[in-house]
Amino acid sequence: MFVTPAFAQDAAAPATGGFADILIQLMPIVLLVIIFWLLIFRPQQKRLKAQQAMLSAIRRGDTVVTTGGIVGKVTKAVDGEDLEVEISQGVKVKLVRGMVADVRSKAEPVNDNKPA
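Residues numbered from 1 in each chain as written. Predicted model: local features only at pLDDT ≥ 70, side-chain atom pairs only at ≥ 80, totals over all residues. Heavy atoms only, no water.

Colleague: So what's going on with the sheet that holds strand β3 (residues 82-88)? Which residues, and what values?
Modeller: Taken in spatial order, the five strands of this open sheet run β4-β3-β2-β1-β5, and their pairing is antiparallel. Strands with a single pairing partner mark the edges of an open sheet, and in this sheet they are β4 (91-96) and β5 (100-105). In this sheet, adjacent strand axes meet at a mean angle of 40 degrees when their direction is disregarded. When strand β2 (residues 71-77) meets β3, the two strands line up antiparallel, connected through four bridges. In the strand pairing of β3, Val74 is matched with Val85. (Pairing = 2+ DSSP bridges. Helix = DSSP H or I, 4+ residues; strand = E, 2+ residues; numbered from the N terminus. Axes fitted to C-alpha atoms, helices over the stretch in contact; angles between N-to-C directions.)

Colleague: Any details on the side chain of Arg97? Residues and values, ideally.
Modeller: Within the fold, Arg97 resides in the loop between β4 and β5. Take Arg97: its relative accessible area is 10%, and that puts it in the buried class. For Arg97, the side chain forms a polar contact with the main-chain oxygen of Val78, separated by 2.4 Å. When near neighbours in sequence (up to four residues on either side) are disregarded, Arg97 contacts Leu55, Ser56, Ile58, Ala77, Val78, Asp79, Gly80, Glu81 and Leu83. (Buried < 20%, exposed > 50% of the residue type's maximum accessible area, 1.4 Å probe, protein only. Polar contact = N/O pair within 3.5 Å; in protein donor to acceptor, adjacent residues only side chain to side chain. Contact = heavy atoms within 4.5 Å.)

Colleague: Summarise the UniProt feature "transmembrane region" (unreviewed entry) in the protein; cite the residues concerned and give the values.
Modeller: According to UniProt, the "transmembrane region" (unreviewed entry) feature falls on residues 22-41. The straight-line gap between the two end C-alpha atoms of residues 22-41 is 27 Å; of that span, 100% is helix and 0% is strand. (UniProt positions renumbered as here; feature names shortened; annotations may be inferred.)

Colleague: For the confidence of the model for the protein, give the residues involved together with the corresponding values.
Modeller: Taken as a whole, the protein shows an average pLDDT of 83; of its residues, 79% reach a score of 70 or greater. The weakest mean pLDDT in the protein belongs to β5 at 89; the strongest belongs to strand β1 (residues 63-66) at 94. (pLDDT = per-residue confidence, 0-100.)

Colleague: Outline the nonpolar core, listing residues and values.
Modeller: Core analysis: the largest hydrophobic core is formed by nine residues, namely Leu55, Ile58, Val64, Val74, Leu83, Val85, Leu95, Val100 and Val103. Broken down by secondary-structure element, the contributors of at least two residues to this core are β3 and β5. If we skip the residues at most four places from it in the chain, Val74 touches Ile58, Arg59, Arg60, Gly61, Asp62, Val64, Glu84 and Val85. (Core = buried A, V, L, I, M, F, W, Y, C linked by side-chain atoms within 4.5 Å.)

In structure tokens, the structure reads:
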């Protein structure tokens, strides 16, 4: 009267399992990884490459904005880490190249070796 048949424990049902079931269970995880790659990691890598290209292309005469918001003109740029930036008339500061947030205007470098 109070006993119900247990349909889930049917002995006649074949045992399923194997590679197909594992693929079905792992499919949502694989889809999440693909979505994260396309929407987050790939654009971030592109922005990082663009930032690195911008930093390596800084030359003398460029107007730059630092991460602190200071705008200045590059007076000395060597291939290393440091830049010399003039932030006001006669005020020059050394700046690490990685602390440049934006290059506002690109200028042609001035040639100091002009014949007189």
